[in-house]
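# Secondary and tertiary structure notes
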Amino acid sequence: MKLNFKRIFFFVSFVLVVYQASAQNTPLNGTYTIGANGNFPTFKAAVDSLITNGVSGPVFFNIKSGTYNEQISIPDINGTSKAATITFEPESGDSTQVILSFSPNTTNNYTLQLNGGDYLKFYKITLQSTNSSIGNVIDIRNKSNYNIFSNCIIQGVAVSNYLNTPNLIYSNSDSMNEFNTFRNNRFINGNYGFAIGSQYNPDLERGTIIENNIFENQYSGAISIYCQDSLIIRNNTVNSNSTNTSFQAIACNYCNNILRIEKNKLYIPNGGDGIFLYDCIGTGSKQGLVSNNFIKVGGTYHAFGVYLAMSKFQDLYNNNILVTSTSASYGRALDIDQDATDCNIINNILVNTGGGYAYYNASPATINVSDYNDLYTTGPNIAYWGSDKTTLQNLQLASGKDLHSISKDPLFVSNTDFHVREVWLNAAGTPLAEIKDDIDGDRRDSLKPDIGADEFILPPADVGIYSFESPKTPFPTGNKDVAFKLKNFSADTLKTVILNWTVNNVPQPSINRSEEHTSELQSRQYL
């Protein structure tokens, strides 16, 4: 019998080809290693395999320590879902040990791009761009949804002017990228930490969460974001050393419905805006809320702690705002402008120690409720309400509002620590259903909460020097009496005050205040 070896060889070859193709297209599922002697030598090799094969369950890439000089773009991966996520994380568990680094160009301006990728998780990885002119670190586009960046270091190059535009997180307006979370990351350098969306986007992205992050040394701003539905910005810290006098820590434009900006600590030394809301529209049942924030803005000119313009149904509750700008005209702890309507301003500390305004309202008819605030300035005008108001009483008469507000220096612990020591703020606020705790997570008093972001408990006995009265500098020659004010910072009435003092570090006889005066020192009183 004669055998047709050509046909047999063809059949065997065909079977081998089919088998190899089937093996190559087996979906990924389980744990793999990226790095030398791993399943994949590079990020790109792992992503290429995802693109080719898809996934059939949760996938974990453990990454060996090292610097990976690669540019990665991840499209929609077949098979991903809430139950079948893809996770990238370091084998060591140390975010400084795995570095994905690249110098982008104008054609492909990113180190990592999510180009339709869904259900991706990046944990404890350093992602960086080394191009100082255009180098975005992360580019998100083409309906990339349900992604998480957590405990990462996201780093660009330090820039010194707005012409350099490398951003750390960039998302254009060509598509909706929704339900993405950025949590516990450190954002270093760059022009903006977040530059998301555009005013020309007709739709609102949903589900964006930015929380527990640290922003350092951005030039133009930490968070600049457009066109969001129910955006959450919570528990972030912004420390700017930017020379930009128009720096914006948080700028929200066209961010509607249940906007939440809560428990952030924002420090801007050279001017700009702490929180900037433009055309952010809530409703009677879906109001925006800015609450429990520490905000400081310095500089010599424009310095607004919170700025509201063209925004509706926004509530400002229990914020501590300090402006130190030396501009008497453009230093404003709170500025309400351009037809902001149906806003409530309650339980806030609004302080200006640079000589400007505590409260500036160019559209007086726009406020619904304004009360139980602490308004304090070292300047001649505490507020502007249709015209300059020199005192709280003048403001009350002109507005019919802030009838339960006070005007006291809150005695912040320091210029960077806005916990308060002024006893007049204790139990001086009003309960708000939306505010259950303070910036530290301490529970609010349900009946008599404190004004401001800090709910504090007065000690049972606490007397301190409030101010030195004499002698004043320059000190005259000769022996002079020393006069100073004591203040009772505690909750109780004190009958005895013992003063211990020294001269040139030599202890002097103690003074028992009760020996000379029989009157009691009430809580909040001076002596």
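Residues numbered from 1 in each chain as written. Predicted model: local features only at pLDDT ≥ 70, side-chain atom pairs only at ≥ 80, totals over all residues. Heavy atoms only, no water.

### So, the overall build of the chain
For clarity, the cut-off: Elements are defined by DSSP. Helices are runs of H or I of four residues or more, strands are runs of E of two residues or more, and each kind is numbered from the N terminus. When accessible area is computed with a 1.4 Å probe and restricted to protein chains, residues below 20% of their type maximum are described as buried, those above 50% as exposed, and intermediate ones as partly exposed. Residue contacts are defined here by distance: any two heavy atoms, one from each residue, within 4.5 Å place the two residues in contact. A 1.4 Å probe and the Shrake-Rupley method give the accessible areas. Residues count as covered only by the protein chains that appear here.
For the chain, the helix and strand inventory stands at three helices and 45 strands. Across the 527 residues in the chain, those meeting the buried criterion constitute 50%. Long-range pairs, those at least 24 residues apart, make up 76% of the contacts in the chain with a sequence separation of at least 6. For the chain, the exposed area adds up to about 23800 Å²; of that, 51% sits on carbon and sulfur atoms.

### What to know about the packing of aromatic side chains
Test applied: Whether two aromatic rings pair depends on their centres lying within 6.5 Å, for rings of Phe, Tyr and Trp, where Trp uses its six-membered ring; planes under 30 degrees apart make the pair stacked, over 60 edge-to-face, and the rest tilted.
Scanning the entire structure with this criterion turns up 27 aromatic pairs. Between the aromatic rings of phenylalanine 40 and phenylalanine 61, the centroid separation amounts to 6.0 Å while the plane-to-plane angle is 70 degrees, which identifies the pairing as edge-to-face. Here phenylalanine 61 lies in strand β2 (residues 55-63) and phenylalanine 40 lies in the loop between β1 (28-34) and α2 (43-53), a separation of 21 residues in the sequence. The class for phenylalanine 61 is buried, based on a relative accessible area of 0%. Pairwise contacts between aromatic rings join Tyr32, Phe40, Phe43, Phe61, Tyr68, Phe88, Phe122, Phe149, Phe182, Phe187, Phe194 and Phe215 into one cluster.

### Details of the environment of leucine 316
Residue position: leucine 316 is located in strand β30 (residues 314-317). The exposure class of leucine 316 is buried, given its relative accessible area of 1%. Here the alpha-carbon distance between leucine 316 and asparagine 348, two residues 32 residues apart in the chain, equals 7.5 Å. Ignoring anything within four residues of it in the chain, the contact list for leucine 316 reads Val290, Val306, Leu308, Leu334, Asn344, Ile345, Ile346 and Asn348.

### Quick word on unusual backbone geometry
A positive phi angle, close to 55 degrees, is found at tyrosine 119, a residue other than glycine. Secondary-structure assignment places tyrosine 119 in the loop between β7 (112-115) and β8 (120-123). Even without glycine at this site, leucine 411 takes up a positive phi of about 55 degrees. Structurally, the position occupied by leucine 411 is in the loop between α3 (392-399) and β40 (463-470). When its relative accessible area of 13% is taken as the criterion, leucine 411 is described as buried.

### Some points on the pattern of salt bridges
Heads up, the rule is: Definition used for salt bridges: Asp or Glu carboxyl oxygen within 4 Å of a side-chain nitrogen of Lys or Arg.
A full pass over the atoms with the stated rule returns 11 salt bridges. For arginine 234, the salt bridge goes to glutamate 262, with nearest N and O atoms at 3.1 Å. Note that arginine 234 is positioned in strand β21 (residues 232-234) and glutamate 262 in strand β24 (residues 260-262), a separation of 28 residues in sequence. Judged by relative accessible area, which is 24%, arginine 234 ranks as partly exposed. With a shortest N-O distance of 2.5 Å, aspartate 335 and arginine 332 are connected by a salt bridge. Each member of the pair aspartate 335 and arginine 332 is classed as buried. Connected through shared salt-bridge partners, Arg183, Glu211, Arg234 and Glu262 make up one network.

### Notes on the confidence of the model for the chain
Stated formally: Confidence scores here are pLDDT values: one per residue, from the predictor, ranging 0 to 100.
Mean pLDDT over the chain: 89, with 87% of residues reaching 70 or higher. Contacts from residues 523-527, a stretch scored under 50 in pLDDT, to residues over four places away or in other chains number 22 contacts.

### Some remarks on the sheet that holds strand β3 (residues 66-69)
The strands making up a sheet are joined through hydrogen bonds of the backbone, oriented either antiparallel or parallel. In plain terms, the rule: At least two DSSP bridges between two strands are needed for those strands to be called paired. Axis definition: a line fitted to C-alpha atoms, over the contacting stretch in the case of helices. Angles run 0 to 180 degrees between N-to-C directions.
The strand order across the open sheet formed by 12 strands is β3-β6-β9-β12-β15-β19-β22-β25-β28-β31-β34-β37, and the pairing between neighbours is parallel. The sheet terminates laterally at β3 and β37 (374-377), the two strands that pair on one side only. The mean angle between the axes of side-by-side strands here comes to 10 degrees, regardless of whether they run parallel or antiparallel. Examined bridge by bridge, β3 and strand β6 (residues 98-102) share four bridges and lie parallel to one another. Pairing of threonine 67 across the sheet is with isoleucine 99, part of β6.

### A word on the layout of surface pockets
Applicable threshold: Using a 1 Å grid laid over the protein atoms alone, points where a 1.4 Å probe fits but cannot get out form a cavity; open sets with protein on both sides within 12 Å along at least 5 of 7 lines form a pocket; any residue with an atom within 4 Å of a point counts as lining. Grid points are joined across faces, edges and corners, and a volume is the space filled by probe spheres set on the points. We call Asp, Glu, Lys and Arg charged. Ala, Val, Leu, Ile, Met, Phe, Trp, Tyr, Cys and Pro are nonpolar, and the rest, Gly among them, are polar.
Approximately 170 Å³ is the volume found for the second largest pocket. Lining the second largest pocket are 13 residues, and of these Leu432, Ile435, Arg444, Asp445 and Ser446 lie nearest its centre. Considered class by class, the residues forming the lining of the second largest pocket number five nonpolar, four polar and four charged.

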